Amino acid sequence: MAVSRGVKIAIALLMVVTGCINTLSTKWADKMMAPGVPGVHATGDGSCPNETLYIENYLNTTHPKPIEDTCQVFLKGENCTDYPYDNSTYCHEFSHPFLQAVGMFVGEFSCWIVFKLIQSGVCLAAAERERKRTEQPPAQFNPIIFLVPACCDICGTSMMYIGLTLTFASSFQMLRAAVIIFTGFVSMVFLGKRLKPHEWGGMVVVVIGLVVVGLSDTLFGNEGASAQSKSNRLTGDIIIVLAQLIVAFQMTWEEKFVKKYNVPALQAVGWEGIFGFCILSTLLIPFYFIPFSINGLEPARFEDALDGFRQIGNNNLILAGVLLNIISIAFFNFAGISVTKMISAVTRMVLDSVRTLFIWAFSLAVGWQKFQYLQPIGFVILVAGMVIYHLDDFRPYFTRRRGTSELDPLLVNDANLSASGEQRRSYS
């Protein structure tokens, strides 16, 4: 059954909108502040003189003496003035990347629920269309094959969320293009794939784009930013790029087994969500007792989930950001898979680039970052590198005969879509 043009446009818009919401809601929650568990406080960024003394006075005095404005903002938080303060509780940023990642896996798990509803016949019309569309029925498989990619997803997503707390949302989105480089090398090692000249060329161009984006964050960034802030952004950028190596291994594993067993994409994402949620939720317990802080909070804990839940309960805006992250990742996965099946993997890549532009524009509009000319230049270079790398997928659009030129190239089916592209999953 043919899919109408209107449905294709709606699915494409859904992918762009939910993709933007996913990244922006996560960054928004990171920037919110609220009181957490009594005794938990930030170590600071060195912006206040005698900062440790100020913190001790504030925490140990029922009625602390007035302090400098910059320190007041640091200690209490600009958007936390309505909360009562005592000698053990005050505001700090919601910096809990692992807890945020758990929420993402809840969203992925919902894809499994949708798949089961379709499979059980609740959505009879959709199930019938899927049966007609599928030429080869899925083979029997053990869900444990998705344990490895789920573990990769845990590591990769957690690293990217840590990086997102340190750098701009737009840079976070752009730097994920590094996955092309690592995917090329990993596929050579594990799948025995031979890269074509244009794929090598695309990888080189992507490297250049990554360097330009990284320079825009570290050499320039926001005017007046401290050296520490620029160093944090560089650290965040590096963490995001390194996370793409894990994502590349995950995608290569998925390509091998999803093709082998013809696993429906929604089902594959759902199983990874189930494994990811169970494993990472369990890991939050030992993380609480590891005396190492990645978010600048004291007492030092690798992840203080109790503090995070307390902050969510104390600030409805943080709760809204977390819920938007969960809901948007579910719809983004569904929309991304649908775009690949109904239109093409090429369209999906183009739409993903479009959402990067919207994220960048939003970040500029709300003041999360200031315009820096190197960043759009880096973005254009990254997109050019992705197009060169995927030249085989784009070639049918460049060579399309005039007889079909009246069709929107973003709204036509690509008959030559590869199996790996058709089953490729969405990433937040």
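To keep things clear, this report deals only with the structure shown in the data block. Here the residue numbering is sequential within each chain, running from 1 through the sequence in written order. Since the coordinates come from a predicted model, pLDDT governs what is reported: local features require at least 70, and pairs of side-chain atoms require 80 or more to be given and counted, while whole-chain, interface and lining totals use all residues. Processing note: side-chain calculations cover all non-hydrogen atoms of the structure and skip hydrogens and water entirely.

**Considerations on the packing of helix 1 (residues 5–31) against helix 13 (residues 316–342)**
Our working rule: Lines fitted to C-alpha atoms define the axes here, with helix axes fitted over just the stretch in contact, and angles between the N-to-C directions of these axes take values from 0 to 180 degrees. For the purposes of this entry, the term helix denotes a DSSP run of H or I that reaches at least four residues, the term strand denotes a run of E that reaches at least two, and both are numbered from the N terminus. In this scheme the handedness of a crossing depends on how the near helix is turned from the far one: anticlockwise by less than a right angle means left-handed, clockwise means right-handed. When residue character is reported, Ala, Val, Leu, Ile, Met, Phe, Trp, Tyr, Cys and Pro are called nonpolar, Asp, Glu, Lys and Arg charged, and the others, Gly included, polar.
Here helix 1 crosses helix 13 at 150 degrees, and the two axes come no closer than 7 Å. Pair helix 1 / helix 13 crosses with left-handed handedness. Among the residues making up the contact of helix 1 with helix 13, the classes are represented as 18 nonpolar, 10 polar and 1 charged.

**Quick notes on the pattern of salt bridges**
The following threshold applies: In what follows, salt bridge is the name for a side-chain nitrogen of Lys or Arg lying within 4 Å of a carboxyl oxygen of Asp or Glu. Classification of residues uses two cut-offs on accessible area relative to the type maximum, computed with a 1.4 Å probe and protein chains only: under 20% is buried, over 50% is exposed, and between them is partly exposed.
Scanning all chains against the criterion turns up 3 salt bridges. Notably, a salt bridge pairs Lys193 with Glu199, separated by 3.5 Å at the nearest N-O pair. With its nearest N and O atoms 2.6 Å apart, the salt bridge here joins Asp352 to Arg355. In this pair, Asp352 and Arg355 both sit in helix 14 (residues 345–365), 3 residues apart, roughly one turn of the helix. You can call Asp352 partly exposed: its relative accessible area is 27%. Under the relative-accessibility criterion, Arg355 is labelled buried at 1%.

**Thoughts on the side chain of Asp237**
What counts, and what does not: Within this scheme the basic residues Lys and Arg register as positive and the acidic residues Asp and Glu register as negative, but His and the chain ends are omitted. Nitrogen and oxygen atoms within 3.5 Å of one another constitute a polar contact, given that in protein one can donate a hydrogen and the other can accept it, and given that sequence-neighbouring residues count only through two side-chain atoms.
Along the chain, Asp237 turns up in helix 10 (residues 227–261). Arg233 provides the closest opposite charge to the buried, salt-bridge-free Asp237, at an N-O distance of 6.7 Å. At a separation of 2.9 Å, a polar atom in the side chain of Asp237 contacts the side chain of Thr167.

**Considering the environment of Leu234**
Following the sequence through the fold, Leu234 ends up in helix 10. Distance from Leu234 to Thr218, taken between C-alpha atoms, is 5.8 Å for residues 16 residues apart in sequence.

**Considerations on the environment of Leu382**
Which entries qualify depends on this criterion: Only heavy atoms matter for contacts: two residues are in contact if any of them lie within 4.5 Å across the pair.
As for its placement among the helices and strands, Leu382 is situated in helix 15 (residues 374–389). Judged by relative accessible area, Leu382 falls into the buried class, the value being 2%. Ignoring anything within four residues of it in the chain, the contact list for Leu382 reads Met174, Ala177, Val206, Gly209, Leu210 and Val213.

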